[in-house]
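Summary of the model geometry
The primary structure of each chain is shown beneath.
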Amino acid sequence: MRRKEREITDRKEIDQIISLGKVMHLALSDNNLPFLIPVFYAYDGTSLYFHSAKAGTKIDILKRNNNVCFEISVDNGIVESDMACDFEAKHRTIIGFGKAQFVESEDDKIAVLDRIVSQFTDKKFEYPKGNLHATAVIRIDIESIKGKKHGV
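Residues numbered from 1 in each chain as written. Predicted model: local features only at pLDDT ≥ 70, side-chain atom pairs only at ≥ 80, totals over all residues. Heavy atoms only, no water.

Per an unreviewed UniProt entry, the protein chain carries the name Pyridoxamine 5'-phosphate oxidase family protein and comes from Dysgonomonas capnocytophagoides.

1. A word on the overall build of the protein chain
A tally of helices and strands in the protein chain yields 4 helices and 8 strands. Going from N to C terminus, the protein chain has its helices and strands arranged as β-α-β-β-β-β-α-β-β-α-α-β. Relative to its 152 residues, the protein chain shows a buried fraction of 32%. When the accessible surface of the protein chain is totalled, it reaches about 9,300 Å², and 51% of it is carbon and sulfur. (Helix = DSSP H or I, 4+ residues; strand = E, 2+ residues; numbered from the N terminus. Buried < 20%, exposed > 50% of the residue type's maximum accessible area, 1.4 Å probe, protein only. Areas by Shrake-Rupley, 256 points an atom, 1.4 Å probe, with all protein chains shown as cover.)

2. Some remarks on the pattern of salt bridges
In this structure the tally under the stated criterion is 5 salt bridges. Asp30 is the partner of Arg64 in a salt bridge, and the nearest nitrogen-oxygen pair spans 2.7 Å. Of this pair, Arg64 sits in helix α2 (residues 57–64) while Asp30 sits in strand β2 (residues 23–30); the two residues are 34 residues apart in sequence, bridging distant segments of the chain. For Arg139, the salt bridge identified is with Asp141, shortest N-O distance 2.7 Å. By relative accessible area, Arg139 is classed as partly exposed at 25%. (Salt bridge = Lys/Arg side-chain N within 4 Å of Asp/Glu carboxyl O.)

3. Observations concerning unusual backbone geometry
Positive phi, normally seen in glycine, also occurs at Asn31, with a value near 50°. Secondary-structure assignment places Asn31 in the loop between β2 and β3 (33–40). Using a relative accessible area of 74% as the deciding quantity, one classes Asn31 as exposed. One non-glycine residue, Asn32, lies in the positive phi region at around 70°. Assignment of secondary structure puts Asn32 in the loop between β2 and β3.

Given below as C-alpha cells:
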C-alpha cells in the first residue's frame with residue numbers, strides 16, 4: 001500500500017468494517033471483461049455470503065470463473081479543503097480476494113439467509129421451498145484482505 005499511514009492491519013478493525021457494512025461490491029471477470037455488482041451479504045468471521053437468483057449473468061460468470069474481488073466501505077464522506085485538488089474521500093474500506101463456492105445444503109442456505117435478513121430486521125421468516133429452490137447462496141472463501149482509512 002502506497003500510503004502506509006492509512007493502512008488498516010488490525011484484523012479486529014477489518015472485521016468491524018465488515019460487520020458495519022450493509023452492501024458489498026463484488027467484482028467478477030469473464031473472458032477478461034470485468035463485471036461489478038452490489039449485493040447484501042453476511043459474514044461469519046471467516047467467509048462472506050450472498051444470495052442470488054440461480055440464473056443470470058453473475059451466476060453464469062461464477063460457474064466459469066469463481067475468482068472474486070470484493071469491497072466494503074463505511075464512514076463515507078468528504079474531507080474538504082481550501083484547494084480544489086486537495087479534496088479527499090473520507091472512508092474506512094476493506095478490499096479482498098477469494099473463491100466463490102455454491103452452498104447446496106438447504107439448512108446452510110437458510111442459516112445464511114437468516115444472517116443476511118437479521119442485519120435489517122429482528123423479524124424471523126420462513127422460506128417457502130419454491131423460493132429456496134430458486135435461490136443460490138454463495139460463500140466467498142477469503143484468501144486475502146486488507147483495509148484502508150482516511151478522515152475518520
